[in-house]
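# Observations on the model geometry
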Amino acid sequence: MRRRLLIALTVFATVAVLAFAIPLCLTAATSRTQELILGRTGDADRLAALAVTAAATGDNRALTMEVDRYHDLYGEPVLVIDGRGTPIVNAGVNQHDPVVATALSAARRNQRTATVQRLTPWSNTGLLIARPVGSDTHVDGAVLIEASTATARTDITRVWGIVAVGGLAAMALFTALALMLSRWVLRPLAGLSGSVAELTATLPKPRTATPVTRHHGGPPELRAVAESFDTMAMAVRDSARAQRRLVDDTAHAMRNPLAALTIRLDSLEPGVSETALPTLHGATREVERLTALLDGLLDLAVAEGTDFDPTRTRTTDHCDADTVIEDRIDAWHTAFARAGSTLQRTSSDLAGQSVTTSAVGTATAAVTRSHEIATSTDDLLNRTSQCDAEPQHATTRAGSAQQPTDIAVSVDVLAQILDVALSNSCRYAGAGATTCLSVGTEPGWVTITVSDDGVGVPATELEELTTRFFRGSSADGIGGSGLGLPIAAALTTSRHGTLTVRPVEPHGLSVIVRLPVGKPR
């Protein structure tokens, strides 16, 4: 490619220099030729005027002296003849030369002799200038000068040489610039090609051939980079597929042995002594933790491998967000009550005033029955104001009748996403925290927000919460696998939605799930 680029730039520079130099040289040669012809024609006309005076007075001495002086000064032969062709003054001209005779004959007929339009360094050494003697109607003779072109050709050669040197200098400059430009353009390309080749060499060979070089041309360097990129892309795609298959196969393959191990551990409990029971229970918890981890990996693999098209969904792939939220509140309120925290639903009435709907009575009854926590209904309702710090990312709906919340997500998927957010809030927000669920709508989207006023996480850890196996510093000492939010984010992304984690002021955490609306049923 460098050679082709240099050739192209050099040819372009050559054409540009020649397009400037050739007209300049031709113009200089034409100008110098016209200068020579006009000068010698003026001299011939002056000698013709002297010849007319000499013919009128019958005295040729002044004419002879002027011709001799001109011949001595310029070294150019001069011939003056009368009307009959008889030489009056001859200063070195061969009158019998056919070319001279033709020029004199044309001048005696009052015709201008043909002259060259442009001299060149290789033109003839002499130039004939013939002028008639007399008036336009009566010719009494002719004057002929054999003008030397040596000086003019020397001047033209010098000018052409200067232009040639300038052109060569310009060509050298353009070539250097072309070389620098080619190196500047190709150096990153060469580095990129080498880096891609090194990276591609470390990847497994793709199963399909690279199609770039078969369907496209171009310079070899670009074709090599394109082929390396194509190979790398296919290798990365195959590796991603293999990784998903590995996680899927591993999770499936290990669930059966873990289930068998759980059964064996459970069957051992009646025969284990009291002193060994803590060890048995610890082993059982570890097996359960490993089972949950494998289930999470399997769910994550399924979520990441889902290709969801919201425009082609079945009826079962739609659900009403309000219905699912109410169901999840009913399912989780007991767990929140036992954790010493509050779970409630916030929305807007038709007048735009904030109201709270929650499972307060149910939660209070459950807490009273279990005698684990005593929280009055008035206290729960007073804590509703803590949800006012919740970020607003969509227009809060004013009643389900006016703003439908049907989304292009199945009930199970939305429930799984909400369960992750609610589980994290229940586990990590801390006792006394309030968790609020709200639904907002905007054209084409439904936004579900789960926020709490708990301990939250440091700002530096927010972006890492959706990373696999990452657990915030506020979760130290609390169980978990670090796969919940990554699974929820993968499920949301696979449905062409977004999951965002943001802080709540002055403290707390908010999970915002934005999903596309479903088609009207």
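Above this text sits the structure in question.
Our subject in this report is the structure included herewith. (Residues numbered from 1 in each chain as written. Predicted model: local features only at pLDDT ≥ 70, side-chain atom pairs only at ≥ 80, totals over all residues. Heavy atoms only, no water.)

## Digging into the packing of aromatic side chains
Enumeration according to the criterion identifies 3 aromatic pairs in this entry. A ring pair is formed by Trp-332 and Phe-336, whose centres lie 6.4 Å apart and whose planes are at 75°; its orientation type is edge-to-face. On the criterion of helical spacing, the pair formed by Trp-332 and Phe-336 is a turn pair, its members being 4 residues apart in helix H8 (residues 321-338). In this pair, the class of Trp-332 matches that of Phe-336, namely buried. The residue whose ring lies beneath Arg-40 is Tyr-74, and the NZ or CZ to ring-centre distance is 5.1 Å. A cation sits over an aromatic face here: Arg-514 above Trp-445, 4.2 Å from the ring centre. (Phe/Tyr/Trp six-rings, centres within 6.5 Å; stacked < 30°, edge-to-face > 60°. Helix = DSSP H or I, 4+ residues; strand = E, 2+ residues; numbered from the N terminus. Buried < 20%, exposed > 50% of the residue type's maximum accessible area, 1.4 Å probe, protein only. Lys NZ or Arg CZ within 6 Å of the ring centre and 35° of its normal.)

## What about the sheet that holds strand S2 (residues 87-91)?
The sheet built from 4 strands is open, its strands ordered S2-S1-S4-S3 with antiparallel pairing. At either end of the open sheet lies a strand with only one pairing partner, and these are S2 and strand S3 (126-134). Between one strand axis and the next, the sheet turns by 10° as a mean value, whatever way the strands run. Where strand S1 (residues 78-82) meets strand S4 (residues 139-148), 5 bridges bridge the pair, whose relative direction is antiparallel. Residue pairing for S4: Val-78 is matched across the bridge by Ile-145. Of the strands in this sheet, S1, S2 and S4 are in contact with helix H2 (residues 61-74), which crosses S2 at around 20°. (Pairing = 2+ DSSP bridges. Axes fitted to C-alpha atoms, helices over the stretch in contact; angles between N-to-C directions. Contact = heavy atoms within 4.5 Å.)

## So, the pairing of S4
Of the pairings in the sheet, the one linking S3 to S4 comprises 9 bridges and is antiparallel in character. Among the inter-strand pairings, Ala-130 is bridged to a residue of S4, identified as Leu-144.

## Considering helix H12 (residues 484-494)
Burial of H12 is extensive: 9 of the 11 residues sit out of reach of the surface. For H12, the full list of buried residues reads Leu-485, Pro-486, Ile-487, Ala-488, Ala-489, Ala-490, Leu-491, Thr-492 and Ser-494. Just beyond H12, the residue with positive phi is His-496, at close to 60°.

## Considerations on the pattern of salt bridges
Following the criterion strictly, the structure yields 14 salt bridges and no others. Glu-35 is paired through a salt bridge with Arg-32; the nearest N and O atoms lie 3.9 Å apart. Highlighted residues: Glu-35 and Arg-32, both in helix H1 (residues 2-57), separated by 3 residues, approximately one helical turn. As a salt-bridge pair, Arg-345 and Glu-326 come within 2.9 Å of each other at their nearest N and O atoms. Highlighted residues: Arg-345 in strand S6 (residues 342-348) and Glu-326 in helix H8, separated in sequence by 19 residues. Given the relative accessible area of 3%, Arg-345 is considered buried. Connected via shared salt-bridge partners are Arg-32, Glu-35, Asp-155 and Arg-158. (Salt bridge = Lys/Arg side-chain N within 4 Å of Asp/Glu carboxyl O.)

## Concerning a nonpolar patch on the surface
A contiguous nonpolar patch, built from Leu-173, Phe-174, Leu-177 and Met-180 and spanning about 400 Å² of accessible area, is present on the exposed surface. Mapping Met-180 onto the fold places it in helix H4 (residues 150-202). (Patch = residues over 30% accessible without salt bridge, like charges linked within 9 Å, V, L, I, M, F, W, Y side chains within 5 Å. Areas by Shrake-Rupley, 256 points an atom, 1.4 Å probe, with all protein chains shown as cover.)

## A look at H8
Taking 1.5 Å as the rise per residue, H8 with 18 residues should run 26 Å; its terminal C-alpha atoms sit 26 Å apart, in good agreement. Largest kink in H8: about 40°, centred on Trp-332. The set of residues buried in H8 consists of Ala-321, Asp-322, Val-324, Ile-325, Arg-328, Ile-329, Trp-332, His-333, Phe-336 and Ala-337. At the exit of H8 stands Gly-340, carrying a positive phi of roughly 80°. (Expected span 1.5 Å × (residues − 1). Bend = angle between axes of the 7 residues up to and from the residue.)

## Comments concerning the nonpolar core
Counting 39 residues, the largest nonpolar core has Ile-407, Leu-414 and Leu-499 as the members making the most contacts within it. Mapped onto this core, the elements with two or more residues apiece are H8, helix H11 (411-428), strand S10 (434-442), strand S11 (445-452), H12, strand S12 (498-503) and strand S13 (509-516). It is H11 that contributes the most residues to this core, 9 residues altogether. Apart from the residues lying within four places of it in its own chain, the contact partners of Leu-499 are Ile-417, Thr-466, Leu-485, Ala-488, Ala-489, Thr-492, Val-511, Ile-512 and Val-513. (Core = buried A, V, L, I, M, F, W, Y, C linked by side-chain atoms within 4.5 Å.)

## Overview of the environment of Ser-341
As for its placement among the helices and strands, Ser-341 is situated in the loop between H8 and S6. Judged by its relative accessible area of 10%, Ser-341 falls in the buried class. Taking the C-alpha atoms as reference points, Ser-341 and Ala-431, 90 residues apart in sequence, are found 5.3 Å from one another. Leave out the neighbours within four places in its chain, and Ser-341 touches Phe-336, Gly-430, Gly-432 and Ala-433.

## Focus: the packing of H8 against H11
Two numbers describe how H8 lies on H11: the axes approach to 10 Å, and their chain directions differ by 35°. In the packing of H8 onto H11, the handedness of the crossing is right-handed. Contact with H8, carried on its side by Ala-321, Val-324, Ile-325, Arg-328, Trp-332, Ala-335 and Phe-336, involves Val-411, Leu-414, Ala-415, Leu-418, Asp-419, Leu-422, Ser-423, Ser-425 and Cys-426 of H11 and no other residues of that element. Residue classes in the contact of H8 with H11 are distributed as 12 nonpolar, 2 polar and 2 charged. (Left-handed = near helix turned anticlockwise from the far one by under 90°. Nonpolar A, V, L, I, M, F, W, Y, C, P; charged D, E, K, R; others polar.)

## A short note on the environment of Arg-328
You can see Arg-328 is positioned in helix H8. On the basis of relative accessible area, Arg-328 is assigned to the buried category, the value being 15%. A sequence separation of 90 residues divides Arg-328 from Leu-418, and the C-alpha atoms of the two residues are 7.5 Å apart. Filtering out sequence-adjacent residues up to four positions away, Arg-328 remains in contact with Ala-415, Leu-418, Asp-419 and Leu-422.

## Digging into unusual backbone geometry
Following Glu-505, the chain continues into Pro-506 via a peptide bond in cis, with omega recorded as 5°. Along the chain, the position of Pro-506 falls in the loop between S12 and S13. Positioned with a positive phi, His-496 is a non-glycine residue whose angle comes to about 60°. Position of His-496 among the secondary structure elements: in the loop between H12 and S12.

Remember, this is a structural readout, not a statement about activity or role.
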